[in-house]
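# Descriptive analysis of the structure
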Amino acid sequence: MPDSVTISIDAMGGDHGPSVVAPAIGVFRRRHGGEGVSFLLHGDEVAIRAELTRAAVDPAGIEVRHTDKVIAMDEKPAQAMRRGKGSSLWNAIEAVKTGEAHAVVSAGNTGALMAVSKLLLRMSAHGLERPAIVASWPTYRGITAVLDVGANVESDAEQLVEFAIMGEAFHAAVHGVARPTVGLLNVGSEDMKGHEAVREAARLLREGGFGLDYRGFVEGDDIAKGTVDVVVTDGFTGNIALKTAEGVARYIFVQLKDALTSGVMARTGALLALPALKRMRQRIDPGAINGGPLLGLNGIVVKSHGGADAKGFGNAIRITVDLARSDYLVKVGENLNRLTAVLAAPSPEETST
C-alpha cells in the first residue's frame, strides 16, 4: 500500500471542467491534508493554470499535461473510441496504464470513460462485459455500497459473485469497515426465492470459501436500513432502484419545501428547525458521497457526477486516493482467482459418477 500516490485527472470532463477540478484539489487538501498525493492534470494548460491561480491552489505537486482535445459529454462511446486518442479523458486513463499514475478520476462522459478504460486497462473479472458501477448509498447506519447500478444489465451467478467480491473490497478500502457484510438483493429473504442466477450466486457465496461475511438475501427496503454494508444485484435492477430512490428523495424535498413555506406559522417553524434541516441535507447530500468507482478493471477508475461542484469532486478525489492507497486490487485478484478455482472444480454430481 503506497504512502505516496499520483492521481491522474481528466480536468476537462464534466459540466464545469477546470473551474471545478482546480478548487476541488484545494478542497481535498484542506479536508484531508493531501500529504503524499500528487496530481497529473490533463487538458487545456492555460485554462487549468488560470483556475488553479483563481482558486489559490498551491501548484506544488501538480503537473499539467496539455491537450486541446476533449470528448464531449454527449459523445457516443463508439465515437470516443475512434477519435478519443489524445483527449484529456484518454490521456488521463493512459497514465494509469503506463504506471505514471496510481488511479484516475473523471467527471466526463460515462460511456466513453467505461469504453476507454476497458480498452486501455482491460478487465480483471473475465466474466464481466463492462466495469461494474458502485453507488455509495446513505442509510440509517451510514453508507451502503450497491452494485451494479447500470453497467451490466444482465448478470449470471458468476458475475454476481464477482460484484460481491469487488464491492466488499471497495467498502473496506473506502469506508473503513474491517469486514463488510454482504447481501444479495432479492424479492424475499427465503432461500427458495428469486431466479436461478441469484440462488446459484447465494450457493457460491456460502460454499466458495471467499472469506466474505455473507448474510444471505436482502430486500429493497434493506438498502436504506443499512442491513448489510454491500448490496449485490444486476445492473438492470440496481439502476432502477437507484433512480427510484433519487426520485423519491426529490419528491420529499419538494413536498417538505412546500409545507415549510405554506404560511407564516410554517415559515416560523422552518426557521426554528433550520439547524436540523441543514444537518439532514448534509446527511443525504450527493456531493458528500460523490464518486463511483468502475470496478472490475486492472486499474482504479473513479467516475464523478458530471455536475459536481468543488466539494463533490473533492470527495471523488478522496475516494480515488483511498483506493489507490489500499490493497483493493490485490484482494480482489486473490478472490477472483479463488472463484475461478471453485467454478473449475467438479460438482458433487460429477464426482459421484
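Check the entry above for the structure.
Because the structure is a prediction, the values reported are computed rather than measured.

### Some points on the overall build of the chain
Counting secondary structure elements, the chain contains 14 helices and 11 strands. In terms of C-alpha radius of gyration, the chain reaches 21 Å, essentially the compact-globule figure of 20 Å for 353 residues. With respect to the three principal axes, the spread of C-alpha positions in the chain is 75 × 60 × 40 Å. Per-residue burial for the chain yields a buried fraction of 49% across its 353 residues.

### Some thoughts on empty space enclosed by the protein
Using the criterion set out here, one finds five cavities of 30 Å³ or more in the structure. Of the voids in this model, the largest cavity is the one considered here, and its volume is about 50 Å³. As for the largest cavity, its lining consists of Gly13, Gly14, Asp15, His16, Gly17, Val20, Val21, Ala107, His305, Gly306, Ala308 and Phe313. Counted by class, the lining of the largest cavity contains five nonpolar, six polar and one charged residues.

### Quick look at a nonpolar patch on the surface
Taken together, the side chains of Val248, Tyr251, Ile252, Phe253 and Met280 present a nonpolar region at the surface, about 460 Å² in accessible area. The dominant element in the nonpolar patch, judged by the number of residues it contributes, is helix α9 (residues 235-260), at four residues.

### With respect to the pairing of strand β4 (residues 103-106)
Going residue by residue along β4, you find Ala103 and Val105 tucked away on one face and Val104 and Ser106 tucked away on the opposite face as well. Of the strand pairs in this sheet, strand β1 (residues 5-10) and β4 are connected by four bridges, and their pairing is parallel. Residue serine 8 lies in a different strand from β4, and its bridge partner there is valine 104. Two strands pair when backbone bridges link them, and β4 and strand β11 (residues 300-303) are joined in this way by four bridges, in the parallel orientation. Across the sheet, the residue bridging to valine 105 is valine 302, located in β11.

### Quick word on the packing of helix α6 (residues 157-175) against helix α12 (residues 310-324)
Across the interface, α6 lies against α12 with an axial gap of 8 Å and an inter-helix angle of 110°. It follows from the interaxial angle that α6 and α12 lie roughly perpendicular. For the pair α6 and α12, the contacting residues are Phe170, Ala173 and Val174 in the first and Arg318, Ile319, Asp322 and Leu323 in the second. Looking at the contact of α6 with α12, its residues break down into five nonpolar, no polar and two charged.

### Section: the side chain of aspartate 213
Within the fold, aspartate 213 resides in strand β8 (residues 213-218). Separated by 2.9 Å, the side chains of aspartate 213 and arginine 215 make a polar contact. Dropping the residues within four chain positions of it, aspartate 213 is found in contact with Arg179, Pro180, Thr181 and Val182.

### Topic: the side chain of threonine 181
Along the chain, threonine 181 turns up in strand β7 (residues 181-185). At 2.9 Å, the side chain of threonine 181 and the backbone nitrogen of aspartate 229 are in polar contact.

### Focus on the pairing of strand β6 (residues 142-147)
Counting buried positions along β6 yields five of six residues, so the element is predominantly enclosed. Relative to β6, strand β5 (residues 132-139) is paired through six bridges, and the arrangement is antiparallel. Of the residues in β6, the one forming a bridge with serine 136 is alanine 145. The antiparallel hairpin formed by β5 and β6 contains two residues in its connecting segment. Bridging between β6 and strand β9 (residues 230-232) involves three bridges; their strand directions are parallel. Paired with leucine 147 across the strands is valine 232, a residue of β9.

### Details of the environment of aspartate 3
Looking at the secondary structure, you find aspartate 3 in the segment before β1. Its relative accessible area of 66% is what places aspartate 3 among the exposed residues. A C-alpha to C-alpha distance of 38 Å links aspartate 3 and threonine 237, two positions 234 residues apart in sequence. With sequence-adjacent residues up to four places away left out, aspartate 3 is seen in contact with Gly36 and Arg325.

### A word on the packing of α6 against helix α7 (residues 196-207)
For the pair α6 and α7, the least separation of the axes is 8 Å and the interaxial angle reads 50°. Overall, the two elements α6 and α7 adopt an arrangement that is oblique. Crossing of α6 against α7: the hand is right-handed. In this structure, α6 contributes Ala157, Leu160, Val161 and Ala164 to the contact, and α7 contributes Ala197, Val198, Glu200, Ala201, Leu204 and Leu205. Residue classes in the contact of α6 with α7 are distributed as nine nonpolar, no polar and one charged.

### Quick word on the environment of alanine 270
Residue placement: alanine 270 occurs in helix α10 (residues 264-272). Through-space distance from the C-alpha of alanine 270 to that of alanine 259 is 9.3 Å; in sequence the pair is 11 residues apart.

### Here we look at the pattern of salt bridges
Side chains that carry opposite charge are capable of pairing whenever their charged atoms lie near each other. Under the definition given, this model contains 13 salt bridges. For arginine 203, the salt bridge goes to glutamate 200, with nearest N and O atoms at 2.7 Å. Taken together, the positions of arginine 203 and glutamate 200, both in helix α7 and three residues apart, correspond to about one turn of that helix. Under the relative-accessibility criterion, arginine 203 is labelled partly exposed at 30%. Among the residues examined, glutamate 200 registers a relative accessible area of 30% and is labelled partly exposed. The partner of aspartate 221 in a salt bridge is lysine 225, and the shortest N-O contact between them spans 3.3 Å. Pair noted here: aspartate 221 and lysine 225 are both in helix α8 (residues 221-225), with a separation of four residues, about one helical turn. Judged by its relative accessible area of 46%, aspartate 221 is partly exposed. By relative accessible area, which is 40% here, lysine 225 ends up partly exposed. Through salt bridges that share partners, Glu63, Arg65 and Glu100 make up one connected network.

How each quantity is defined
- Residues numbered from 1 in each chain as written.
- Predicted model: local features only at pLDDT ≥ 70, side-chain atom pairs only at ≥ 80, totals over all residues.
- Heavy atoms only, no water.
- Helix = DSSP H or I, 4+ residues; strand = E, 2+ residues; numbered from the N terminus.
- Rg over C-alpha atoms; globule rule 2.2 N^0.38 Å.
- Buried < 20%, exposed > 50% of the residue type's maximum accessible area, 1.4 Å probe, protein only.
- 1 Å grid on protein atoms, 1.4 Å probe; cavity = no way out; pocket = protein on both sides within 12 Å on 5 of 7 lines; lining within 4 Å.
- Points joined across faces, edges and corners; volume = space filled by probe spheres on them.
- Nonpolar A, V, L, I, M, F, W, Y, C, P; charged D, E, K, R; others polar.
- Patch = residues over 30% accessible without salt bridge, like charges linked within 9 Å, V, L, I, M, F, W, Y side chains within 5 Å.
- Areas by Shrake-Rupley, 256 points an atom, 1.4 Å probe, with all protein chains shown as cover.
- Salt bridge = Lys/Arg side-chain N within 4 Å of Asp/Glu carboxyl O.
- Pairing = 2+ DSSP bridges.
- Axes fitted to C-alpha atoms, helices over the stretch in contact; angles between N-to-C directions.
- Parallel < 35°, antiparallel > 145°, perpendicular 65-115°, else oblique.
- Contact = heavy atoms within 4.5 Å.
- Polar contact = N/O pair within 3.5 Å; in protein donor to acceptor, adjacent residues only side chain to side chain.
- Left-handed = near helix turned anticlockwise from the far one by under 90°.

Function cannot be read off these values alone, since they describe shape.
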